[in-house]
Amino acid sequence: MNRLNRQHKDKVTQFRSITGASDKKAIDCLKQAGWSVEGGIEVFFSLGMQGSSALDTHAMEQLYLKYKDPHQDMILADGISRLCDDLAVEPTDIVMLVISYHMGANIMCEYSRQEWVSGLTRMGTDSLDKLRAKLPELRAELADPARFQEVYSFAFSWAREKGQKCLQIDTALAMWQLLFADDRRWQYIDEWCEFLQTHHNRAISRDTWVQLFQFTKIIKPDFSDFDEAGAWPYLMDEFVDYMKKRNGMAVDS
């Protein structure tokens, strides 16, 4: 342990807090997973290394059964609504998106049995009390730029309707308002949504979704460094022109 660098020691500590594993087991699993905590956890459970100190998978299964749909082997919208009630959060609370990210959920308002168990394992929880106590930490993850980008990217596929390549405009607007709220707020989120409703009002492609994230991070508020000849989606070009006209700025011809 003493020969590990600070980053690796932090990952060992995080791994042990989730699995209850010894230092040696934690290091072995993390090394096998290239020092990915989530990958190491998968190695840990796939090799049956959990022992008596691990999370209670039976308790996870019982929780799954509590929320499972009576007619399908899935937790559906009604079950998730009851889960939110038990956690004392609104279904629209962004922490539910973070939970779904850890579940690896394929579809909004649905958790498969495998997603449920693997997600609770990643979060280091096997009871409602533990999950409820974990909520502040899950919210705080969004303060990490890398994790926020991962959750943002995940949200596109998660929020799409089944069989659709694009995200319906109303859903996209709601997701953007959720993601760019509070201390993550982008100053032009309201103008962006207004612009789309007025000038676009069509489904949003993955390219637009991804590029908007980059746009919010690298383009100055006065758009002075926006290159219209760059590889931005046409909506970005139109939005910049829209904002310049709105603010009385010179528009590039």
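Being a predicted model, the structure only gives us computed values, none of them experimental.

## Describing the overall build of the protein
Item 1. Secondary structure assignment for the protein yields 13 helices and two strands.
Item 2. The C-alpha extent of the protein, read off along each of the three principal axes, is 70 × 50 × 30 Å.
Item 3. When contacts within the protein are restricted to residue pairs at least 6 apart in sequence, those whose partners lie at least 24 apart make up 58%.
Item 4. Element-wise, carbon and sulfur atoms account for 48% of the exposed surface of the protein, whose accessible area totals about 13,200 Å².

## What to know about unusual backbone geometry
Item 1. With a phi close to 65°, Trp35 is a non-glycine residue in the positive phi region.
Item 2. Along the chain, Trp35 falls in the loop between helix H2 (23–32) and helix H3 (37–46).
Item 3. A relative accessible area of 13% means that Trp35 is categorised as buried.
Item 4. Positioned with a positive phi, Cys109 is a non-glycine residue whose angle comes to about 65°.
Item 5. Structurally, Cys109 can be placed in the loop between helix H6 (94–103) and strand E2 (111–112).
Item 6. We classify Cys109 as partly exposed; its relative accessible area is 35%.

## Here's the deal with the nonpolar core
Item 1. Trp116, Trp176, Trp192 and Phe215 are the most contacted members of the largest nonpolar core, which totals 68 residues.
Item 2. If we ignore the near neighbours within four places in the chain, the residues touching Trp192 are Trp176, Trp186, Thr208, Leu212, Leu235, Met236 and Phe239.

## Section: the packing of helix H9 (residues 145–159) against helix H10 (residues 169–179)
Item 1. Two numbers describe how H9 lies on H10: the axes approach to 11 Å, and their chain directions differ by 160°. Taken together, the axes of H9 and H10 are roughly antiparallel relative to one another. Taken as a pair, H9 and H10 cross one another with a handedness that is right-handed. Here Phe148, Tyr152, Ala155, Trp158 and Ala159 of H9 lie close against H10, whose contacting residues are Thr171, Met175, Trp176 and Leu179.
Item 2. Of the residues in the contact of H9 with H10, the class split is eight nonpolar, one polar and no charged.

## Considerations on the packing of aromatic side chains
For any two aromatic rings, the description comes down to two numbers: the centre-to-centre distance and the angle of the planes.
Item 1. Counted under the stated rule, the structure contains 30 aromatic pairs.
Item 2. Centroid distance Phe154 to Trp158: 6.1 Å. Interplanar angle 25°. Geometry classified as stacked. Linking Phe154 with Trp158, this pair stays in helix H9, spanning four residues, or about one helical turn.
Item 3. Of the residues examined, Phe154 reaches a relative accessible area of 14% and is grouped as buried.
Item 4. With a relative accessible area of 9%, Trp158 lands in the buried category.

## Concerning the packing of helix H12 (residues 206–218) against helix H13 (residues 234–246)
Item 1. It is the contact of H12 with H13, at a shortest axis distance of 10 Å, that shows an interaxial angle of 45°. As judged from the angle between their axes, H12 and H13 are oblique. The segment H12 lies against H13, with Thr208, Gln211, Leu212 and Phe215 engaging Leu235, Met236, Phe239 and Val240.
Item 2. Classifying every residue of the contact of H12 with H13 by side-chain character gives six nonpolar, two polar and no charged.

## Quick notes on the state of the cysteines
Item 1. On inspection of all chains with the given rule, the structure shows zero disulfides.
Item 2. The thiol sulfur of Cys84 is not disulfide-bonded, and the nearest other cysteine sulfur, from Cys109, lies at 8.5 Å.
Item 3. Look at Cys84 and you get buried, because its relative accessible area is 0%.
Item 4. There is no disulfide at Cys193, and the cysteine sulfur nearest it, in Cys166, is 17 Å away.
Item 5. Accessibility expressed as a relative area gives 5% for Cys193, which makes it buried.

## Quick look at the pattern of salt bridges
Item 1. Inspection of the entire model under this criterion finds 17 salt bridges.
Item 2. When the shortest N-O distance is used, the salt bridge between Glu61 and Arg113 registers 2.6 Å. Within this pair, whereas Glu61 is found in helix H4 (residues 57–67), its partner Arg113 is found in helix H7 (residues 113–123), the two being separated by 52 residues in sequence.
Item 3. Using a relative accessible area of 24% as the deciding quantity, one classes Glu61 as partly exposed.

## Considerations on H7
Item 1. Burial analysis of H7 places eight of its 11 residues in the buried class, which makes it a mostly covered element.
Item 2. Every buried residue of H7 is listed here: Glu115, Trp116, Val117, Gly119, Leu120, Thr121, Arg122 and Met123.
Item 3. Gly124 sits one or two residues past H7 and shows a positive phi near 70°.

Cut-offs used in this document
- Residues numbered from 1 in each chain as written.
- Predicted model: local features only at pLDDT ≥ 70, side-chain atom pairs only at ≥ 80, totals over all residues.
- Heavy atoms only, no water.
- Helix = DSSP H or I, 4+ residues; strand = E, 2+ residues; numbered from the N terminus.
- Contact = heavy atoms within 4.5 Å.
- Areas by Shrake-Rupley, 256 points an atom, 1.4 Å probe, with all protein chains shown as cover.
- Buried < 20%, exposed > 50% of the residue type's maximum accessible area, 1.4 Å probe, protein only.
- Core = buried A, V, L, I, M, F, W, Y, C linked by side-chain atoms within 4.5 Å.
- Axes fitted to C-alpha atoms, helices over the stretch in contact; angles between N-to-C directions.
- Parallel < 35°, antiparallel > 145°, perpendicular 65-115°, else oblique.
- Left-handed = near helix turned anticlockwise from the far one by under 90°.
- Nonpolar A, V, L, I, M, F, W, Y, C, P; charged D, E, K, R; others polar.
- Phe/Tyr/Trp six-rings, centres within 6.5 Å; stacked < 30°, edge-to-face > 60°.
- Disulfide = S-S within 2.5 Å.
- Salt bridge = Lys/Arg side-chain N within 4 Å of Asp/Glu carboxyl O.

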